[in-house]
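Secondary and tertiary structure notes
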Number of protein chains: 2
Amino acid sequence: MSIEAESGTRARTRRAILDAAVTVLSERRTASMSEIADAANVARSTLHRYFADRAELIEALVDNAIARGSAAVQEAALDKGPATDAIRRLALAYFDLGPLMTFLWQELSLDQEDHPFWQKMEAQGDPMTEVVERGLADGSFDPAFEAEWIRHMFWAVVFSTWELVSDGRMARQPAISAMLRTIEKALATEAAGA
Amino acid sequence: MSIEAESGTRARTRRAILDAAVTVLSERRTASMSEIADAANVARSTLHRYFADRAELIEALVDNAIARGSAAVQEAALDKGPATDAIRRLALAYFDLGPLMTFLWQELSLDQEDHPFWQKMEAQGDPMTEVVERGLADGSFDPAFEAEWIRHMFWAVVFSTWELVSDGRMARQPAISAMLRTIEKALATEAAGA
DNA sequence: GAAAAATAAGACAGAGCTGTCCTATTACGG
DNA sequence: CCGTAATAGGACAGCTCTGTCTTATTTTTC
């Protein structure tokens, strides 16, 4: 009944395109439509039939990223247990998003200002901000850090860990361990003052 | 006598172009030659007379970045004093490079593999690697981290701090303090094991 | 102030990407 | 098995960027 009553074929092709696009664009955000079509094993004309514009494709990718990102956050159940553990789960969940994270990161650092991503995120609440503020409030996170700083650094560490692993400069497991350890140590409230 | 016996005028124009290019390209690495020329207050034809190719311009920028980066590293005197202090000085020195850092970061994450930058860096030794290994050897840095990890994380934190400051999401001083504190805490050898 | 150096301004062809369109095949579903 | 849906493969014009050139104009420099 919905407008989205696509035939199985269409849905499958659409997925293939979106997946290929994330992969290709995460490596080079200026990749041409041809390259994306090739990566999806689809003719360029087909790609354009699914997404008339490049802009339209990007928007769909952002929506997709938001959907998967939200799912990851849901799964991390950030409101359960100590903030320290929650943010640990979040790091793992984000890390698993892989190239999708790279795509978003690059996409967002383009028009820094009010990217549609943030508007759409705000519209559905931001559990990340909540857990950071919870940790600061209950003393599990170092009060010397602003929430903004923690959010930004968290992304930077998780993203760049992914980068390190994805181009083979470090093995997955050691990198993940180091990532968690880094976040944990950096955020920890110091027993003996600095 | 040298081939580089440029008139003062040429040297000045060249500098203006290089500076403008760093600024523009650090914000968008696909900026056109026209945009760069405009930013340098120079006709596009003039730009092309100084740098025939885009490739030639980029190469000059990389050389420039290496020169300034090396100077910064020199100034940080990484071989003096405790490794912890040395890496702290290095962070400040790199931070001061500003947009030049952004340019390099973006440039390097393009053709990840064997970018000319690394070749040229190797040719002149890498004090960063030395100080990291020194810190690991003498127990000032957490032995749970590989040198590769420390190097990568260090860059990620410094760079993303610059990013945070440069687009006005955080004030300079608090950001720098947080950056140093983060690096210090992350690298510190833990008194009581994890 | 005159010769030389450097620049601005713009014309130009070649290349690549984009978005649209059309036609011949191929795959799907009833 | 037949009709429909979906695709592949190209042709096409419009656009932007690039690199090269040429010709005036301005700025140094002596």
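Residues numbered from 1 in each chain as written. Chains lettered and ligands numbered in written order. Predicted model: local features only at pLDDT ≥ 70, side-chain atom pairs only at ≥ 80, totals over all residues. Heavy atoms only, no water.

Side note on the protein's contact with DNA strand C
Contacts to DNA strand C come from 21 residues, most closely from M33 and R44 of chain A together with T13, A43 and T46 of chain B. Atoms of DNA strand C within 4 Å of the protein: sugar and phosphate make up 54%, bases the balance. The backbone of M33 of chain A places a nitrogen or oxygen atom 2.9 Å from a phosphate oxygen of DNA strand C. A distance of 3.0 Å is found between a phosphate oxygen of DNA strand C and a side-chain nitrogen or oxygen belonging to Y50 of chain B. (Near = heavy atom within 4 Å. Polar contact = N/O pair within 3.5 Å; in protein donor to acceptor, adjacent residues only side chain to side chain.)

Brief notes about the pattern of salt bridges
Evaluated as defined, the whole model comprises 22 salt bridges over all chains. Two residues, E184 of chain A and R88 of chain A, come together in a salt bridge whose shortest N-O distance is 3.1 Å. Remark: R88 of chain A occurs in helix 5 (residues 83-97) and E184 of chain A occurs in helix 10 (residues 172-187); sequence separation between them is 96 residues. Classification of E184 of chain A by relative accessible area gives partly exposed; the value is 38%. Here R88 of chain A falls in the partly exposed class, since its relative accessible area comes to 36%. A salt bridge links K185 of chain A to D142 of chain B; the shortest N-O distance between them is 2.7 Å. Remark: D142 of chain B occurs in the loop between helix 8 (127-137) and helix 9 (147-166) and K185 of chain A occurs in helix 10; the pair is interchain, linking two chains. Taken as a pair, K185 of chain A and D142 of chain B share a single burial class, namely buried. Each member of the salt-bridge network shares a partner with another, and the members are R15, D19 and R68 of chain A. (Salt bridge = Lys/Arg side-chain N within 4 Å of Asp/Glu carboxyl O. Helix = DSSP H or I, 4+ residues; strand = E, 2+ residues; numbered from the N terminus. Buried < 20%, exposed > 50% of the residue type's maximum accessible area, 1.4 Å probe, protein only.)

A short note on the packing of helix 1 (residues 8-27) of chain B against helix 4 (residues 54-76) of chain B
Residue and element names in this part refer to chain B. It is the contact of helix 1 with helix 4, at a shortest axis distance of 10 Å, that shows an interaxial angle of 90°. By the angle class used here, helix 1 and helix 4 are roughly perpendicular. Contact with helix 1, carried on its side by R14, R15, I17, L18, D19, A21, V22 and L25, involves R54, L57, I58, A60, L61, N64 and R68 of helix 4 and no other residues of that element. Classifying every residue of the contact of helix 1 with helix 4 gives nine nonpolar, one polar and five charged. (Axes fitted to C-alpha atoms, helices over the stretch in contact; angles between N-to-C directions. Parallel < 35°, antiparallel > 145°, perpendicular 65-115°, else oblique. Contact = heavy atoms within 4.5 Å. Nonpolar A, V, L, I, M, F, W, Y, C, P; charged D, E, K, R; others polar.)

Here we look at the packing of aromatic side chains
Residue and element names in this part refer to chain A. One pass over the structure, following the stated rule, counts 14 aromatic pairs over all chains. Here the aromatic rings of W105 and F159 are separated by 4.7 Å at their centres, their planes lie at 10°, and the arrangement is stacked. Highlighted residues: W105 in helix 6 (residues 99-108) and F159 in helix 9 (residues 147-166), separated in sequence by 54 residues. Judged by its relative accessible area of 16%, W105 is buried. Ring pairing ties together the aromatic residues Y94, W105, F154, W155 and F159, which thus form one cluster. (Phe/Tyr/Trp six-rings, centres within 6.5 Å; stacked < 30°, edge-to-face > 60°.)

Read these as geometric descriptors, not functional statements.
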